[in-house]
Amino acid sequence: MSGCRTKSRRFRRGSPVSPILSNILLDDLDKELESRGHKFIRYADDLAIFVKSKRAGERVLASVSRYLEHTLKVKVNQAKSKVSKVKDSSVLGFKIHSKKLKTLDCKVQGFKRKLKRITRRCPGISILSRIIRLKQYVQGWMAHYGCGLKYTDAVELDGWIRRRLRMSYWKQWRKPRRRIRELIKLGVRKHEAICLGLSRKSYWRLSMTLATNSGLNNAHFEKIGLISVRTLWCKIHHPATAR
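Residues numbered from 1 in each chain as written. Predicted model: local features only at pLDDT ≥ 70, side-chain atom pairs only at ≥ 80, totals over all residues. Heavy atoms only, no water.

1. Remarks on the nonpolar core
For soluble globular proteins, nonpolar side chains are generally found buried alongside one another. Rules: Each nonpolar core is a collection of buried residues, namely Ala, Val, Leu, Ile, Met, Phe, Trp, Tyr and Cys, held together in the definition by side-chain atoms within 4.5 Å. Here's how the labels work: a residue is buried when its accessible area is under 20% of the maximum for its type, exposed when over 50%, partly exposed in between, all with a 1.4 Å probe on protein chains only. Here a strand is any run of E in DSSP of at least two residues, a helix any run of H or I of at least four, and the numbering for each starts at the N terminus. Any pair of residues with heavy atoms lying within 4.5 Å of one another is described as a contacting pair.
Ranked by internal contacts, the top residues of the largest apolar core, which has 38 residues, are V138, M142, L149, I161 and V229. Looking at this core, the elements that each hand over two or more residues are α3 (105-118), α4 (127-145), α5 (151-173), α6 (176-185), α7 (190-197), α8 (203-206) and α11 (229-237). If you tally residues by element for this core, the top one is α5, at nine residues. Here V229 is in contact with V138, M142, L149, A154, L157, D158 and I161, once residues within four sequence places are set aside. Grouped together as the second largest cluster of nonpolar side chains are nine residues, L26, L33, V64 and L72 included.

2. Comments concerning the pairing of strand β2 (residues 46-50)
Short version of the rule: Only strands joined by at least two bridges in the DSSP assignment are considered to pair.
Pairing geometry for strand β1 (residues 39-43) and β2, over five bridges, is antiparallel. If you follow R42 over to β2, its bridge partner there is L47. Between β1 and β2, which follow one another and run antiparallel, lie two residues, and A44 among them has a positive phi close to 55°.

3. Some details on the side chain of S199
Stated precisely, the cut-off is as follows: Think of a polar contact as two N or O atoms within 3.5 Å of one another; within protein, one of them needs to be a possible hydrogen donor and the other a possible acceptor, and neighboring residues in sequence only count if both atoms come from side chains.
Looking at where S199 falls in the secondary structure, it is placed in the loop between α7 and α8. Relative accessible area serves as the criterion here: at 18%, S199 is assigned to the buried category. Within the structure, S199 has its side chain in polar contact with the backbone nitrogen of K201 (distance 3.2 Å). Look past the residues within four positions of S199 in its chain and what remains in contact with it is R179 and L206.

4. Examining the packing of α4 against α5
This is how the line gets drawn: What counts as an axis is a line fitted to C-alpha atoms, over the stretch in contact for a helix, and the angles between N-to-C directions run from 0 to 180 degrees. Any angle that falls under 35 degrees is termed roughly parallel, while one over 145 is termed roughly antiparallel, one within 65 to 115 roughly perpendicular, and all others oblique. We call a crossing left-handed when the near helix sits turned anticlockwise from the far one by less than a right angle, and right-handed when that turn is clockwise.
Taken N-terminus to C-terminus, the directions of α4 and α5 make an angle of 155°; their axes are 11 Å apart at the nearest point. Viewed along their axes, α4 and α5 adopt a mutual orientation that is roughly antiparallel. Helix-helix and strand crossings are classified by hand; for α4 and α5 the assignment is right-handed. Where α4 abuts α5, its residues I127, R130, I131 and L134 lie against I161, L165, S168, Y169 and Q172.

5. Topic: the packing of aromatic side chains
The test is simple: Each aromatic pair joins two rings of Phe, Tyr and Trp (for Trp, the six-membered one) with centres within 6.5 Å, and gets the label stacked for planes under 30 degrees apart, edge-to-face for over 60, and tilted for any other angle.
This structure, assessed with the given rule, holds eight aromatic pairs. Pairing F111 with W141 gives two aromatic rings, centres 4.0 Å apart and planes at 10°, and the pair type is stacked. Note that F111 is positioned in helix α3 and W141 in helix α4, a separation of 30 residues in sequence. W141 matches F111 in its accessibility class, with the two residues each being buried. Centre to centre, the rings of W141 and Y145 are 5.1 Å apart; their planes meet at 35°, and the pair counts as tilted. Remark: Y145 and W141 occur in helix α4; sequence separation between them is four residues, near one turn of the helix. Judged by its relative accessible area of 7%, W141 falls in the buried class. On the accessibility criterion, Y145 (13% relative accessible area) is buried. Ring pairing ties together the aromatic residues F94, F111, Y137, W141 and Y145, which thus form one cluster.

The structure is reproduced here in structure tokens:
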């Protein structure tokens with residue numbers, strides 16, 4: 001028909017609709033793999049198939065690649081497609097180590113980098129605003145990666161986050177008179193508050209002092225709504241006994 005035009009829309013990779021479209025397109029692949037009796041994991045366009053030997057893996061990789069390209073008309077990224085042992089491969093940010101999921105170190109480091117940006121020394125952002133942003137991000141990250149996080153890492157992250165917030169407090173207090181006043185309000189003895197308030201040490205160094213830790217203690221952060229990585233870890237791994 002003359003005078004009519006059709007519009008085509010492209011969706012950016014990584015957008016919220018991308019996994020939905022992948023699931024619609026690759027639903028036939030799931031059924032094909034199930035009919036073959038394969039054990040596999042797929043999320044969006046990330047796929048891992050588990051077989052017993054390297055030879056079987058190479059055969060399955062070739063047949064699945066043909067099915068995707070010839071039947072579903074999907075281009076396979078050969079650079080990312082490989083056959084390897086379970087312990088040498090990863091999927092969706094996890095590795096399988098001794099029959100248990102383990103979150104990749106790069107994901108934990110990326111988590112810390114994001115937390116560092118949220119708790120950076122910026123006097124224009126209030127502590128309560130940081131607490132809200134931390135809660136949103138930590139809950140989302142733990143919902144996906146928490147099942148593979150080690151308990152010791154969760155405890156370490158908790159302490160590191162609290163120390164970053166203590167440093168932010170020191171940055172916001174700035175002047176010695178206000179430092180002393182705020183520390184006394186938090187229950188620090190007057191002599192210790194004066195010594196710390198007049199100190200020329202760095203914010204990061206002051207955030208680990210005994211007086212700072214006693215004033216800005218765990219109960220204080222719990223009271224203002226700071227989310228605990230350790231508590232979320234316990235709810236994921238031991239839901240029946242978590243408090």
